[in-house]
Structure formats: structure tokens, C-alpha cells
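Here is how the chains run, residue by residue.
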Amino acid sequence: MAAGNLKRRLKAGETLFGIFCDIPSPQIVELAGLIGYDFAFIDAEHTTASLDGVEHMVRAADTRGLASLVRVGHNHHSSILRHMDSGANGVLMPLVNSAEDVLDAVAAVKYPPLGRRGLAHVRAAGYAVNTGLGAFMAQSNAETVVMVQIETAEAVKNLDAICAVEELDAVFFGATDLAASLGYSTQLQASGSEHPEIIKLVLDLGYKAMKAGKPVGISAHSLAAYNRWRSAGFQIMATVASLQFVAGARGLLKDCRPGS
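The structure presented is a predicted model; accordingly, all values stated were derived computationally and were not measured. (Residues numbered from 1 in each chain as written. Predicted model: local features only at pLDDT ≥ 70, side-chain atom pairs only at ≥ 80, totals over all residues. Heavy atoms only, no water.)

K.L.:
I'd like a rundown of the pattern of salt bridges, residues and numbers included.
P.N.:
Evaluation of the coordinates by the stated rule reveals 10 salt bridges. Measuring nitrogen to oxygen at the nearest pair gives 2.9 Å for the salt bridge that ties Glu 14 to Arg 9. We classify Glu 14 as partly exposed; its relative accessible area is 33%. Residue class for Arg 9 comes out partly exposed when judged on its relative accessible area of 22%. (Salt bridge = Lys/Arg side-chain N within 4 Å of Asp/Glu carboxyl O. Buried < 20%, exposed > 50% of the residue type's maximum accessible area, 1.4 Å probe, protein only.)

What follows is the structure, encoded as C-alpha cells:
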């Protein structure tokens, strides 16, 4: 499983760079793997991606050895179950506010005795063609990833309890929603991760999560941002596919058509 490799690399202290696939496209996921990204966040929260579409994107990630985590739209057992059964290596859970929210996500991702995920002859298990379901359950419980987004004022207050959940693998800060939750929305020109007060807050929260033994991450859309967070010990950085397309396309157009 690519997720197993992802976990091992995080535990080894490596820095991983991934992409938010905010355009529902298996081709973009495959290109991300070919380019050399470490993982893909397949966005089923802010996009029109269907269950079937997510499965095709997960399959594309598999072909290129890219770890795939689905950012689910809701912390609902049935929704998470279907994404995991499609073969996703884990979930990125948005809008987590409490340890109870994390435990709900863990219960949906993990099989007994760690969770309550139902077992079936699904794609994630290779349809049980070459591997028994028992062996698959053990491997899945060991390697699937549960990552949560800290992006509300309530989550900030509950960060210690959230990080105390043993089966939580990593914490990712949703700086833009966090800025909005804390009343900075009218001041935002771009990502909340570029607001100076949010930067300071996320650094403080990141150190707290790292002290609790959790790898931490955030969006980084430039080398300067990457270097800032990396120097602070953040291990998980992700950029957004559409932003990179806009930056590249706009730069090319400006070069080819000065004044545009």
C-alpha cells in the first residue's frame, strides 16, 4: 500500500509534498505522480467529484505509486466507508472540532478492533482474489492514514485532546478557514496561511501538535512558504492543482503576450 510507505516516511521525519486535486480528473492525479509528488488529496469536499469519479482518481494514483487521501465532505461513516472501499489510502477529515470527531473518523476508516468499518469483497481488498480478507484487514489497519484538518476556533481550543487520539496519524492546518473562523475573513487577499497573525498562530499550534508526536502540515504555494513551514518542522506540504495551473498559464501568457 502507498499509505504504508507514507506512514513510514512520516515516522522517519521526511518532508512530503503533495497536491490538492481540486479539479476532478484522474489525468491530473496521474500527472502528479509522474511529476514526482508524494501524495494526492482527492477533494470530495469542495468539488463536484462523484463516488465513481473519486474511485477513478484513486485508481490513477495507484498506477503511479502515489498515496491517495480523500478529503471527504462529511464525517459520516457511510461516506467514508465507500471512499475507503474504492481503494483510498486514507482520509483527510475537514472541520474536525473535537477528539470525538477524530474517533468517529478512525472508526470509519479502521476495521475491528480499531474501528467499525464493514468488511466486503471490495476494490480496496483486491476483491479478495489473491489475498484473504483477514490478511487485508490487518494490513489496512496498520497502513491506512487518518489525517484531520484544524480550521476552526473550536478545534484550536481542543487541539490537545485531538492530538491525544492514538490512531490519528497527522494534523493539517486549514489556514484559510481558520482565519475566517477567527474573524480575519475581510482581511484575506489569498490563502490564510499568508496572514501574519495566522502564521504565528499556526506555528504555535504546529509546535504543540509536534510535541504531542503528530506530524503536521499546511498548504504551501510557493518556495518561500515551503521554506517557512519546513524550517519550523512541518512535514506535510500541499499545493492546489488549479492554483499551479493558473500561475503557470498566466506566466506563459505574460511572456508570450506582454501587457496581458
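K.L.:
Would you mind going over the sheet that holds strand S5 (residues 145-150) in detail, with residue names and values included?
P.N.:
Here 8 strands make up a closed barrel; going around it, the order is S1-S2-S3-S4-S5-S6-S7-S8 and the pairing parallel. If you compare each strand with its neighbour and ignore which way they point, the axes differ by 25 degrees on average. As defined by bridge partners, strand S7 (residues 216-219) adjoins strand S8 (residues 236-240) across 3 bridges and the pair is classed as parallel. Counterpart to Ser 219 in the pairing with S8 is Ala 238. (Pairing = 2+ DSSP bridges. Helix = DSSP H or I, 4+ residues; strand = E, 2+ residues; numbered from the N terminus. Axes fitted to C-alpha atoms, helices over the stretch in contact; angles between N-to-C directions.)

K.L.:
Give a description of the layout of surface pockets that names residues and reports values.
P.N.:
Size it by volume and the largest pocket reaches roughly 400 Å³. Taken together, 21 residues form the lining of the largest pocket, with Phe 20, Arg 71, Thr 176, Ser 219 and Val 240 sitting closest to its centre. At the level of secondary structure, the elements contributing two or more residues to the lining of the largest pocket comprise strand S6 (170-173), helix H9 (175-181) and S7. Residue contributions to the lining of the largest pocket peak at 3 residues, all from H9. Looking at side-chain class alone, the lining of the largest pocket contains 7 nonpolar, 8 polar and 6 charged residues. If you go around the second largest pocket, you meet 15 residues; those closest to its centre are Lys 7, Arg 8, Lys 11, Leu 168 and Asp 169. Contributing elements (two or more residues each) for the lining of the second largest pocket: helix H1 (2-11) and helix H6 (133-143). Residue contributions to the lining of the second largest pocket peak at 5 residues, all from H1. (1 Å grid on protein atoms, 1.4 Å probe; cavity = no way out; pocket = protein on both sides within 12 Å on 5 of 7 lines; lining within 4 Å. Points joined across faces, edges and corners; volume = space filled by probe spheres on them. Nonpolar A, V, L, I, M, F, W, Y, C, P; charged D, E, K, R; others polar.)

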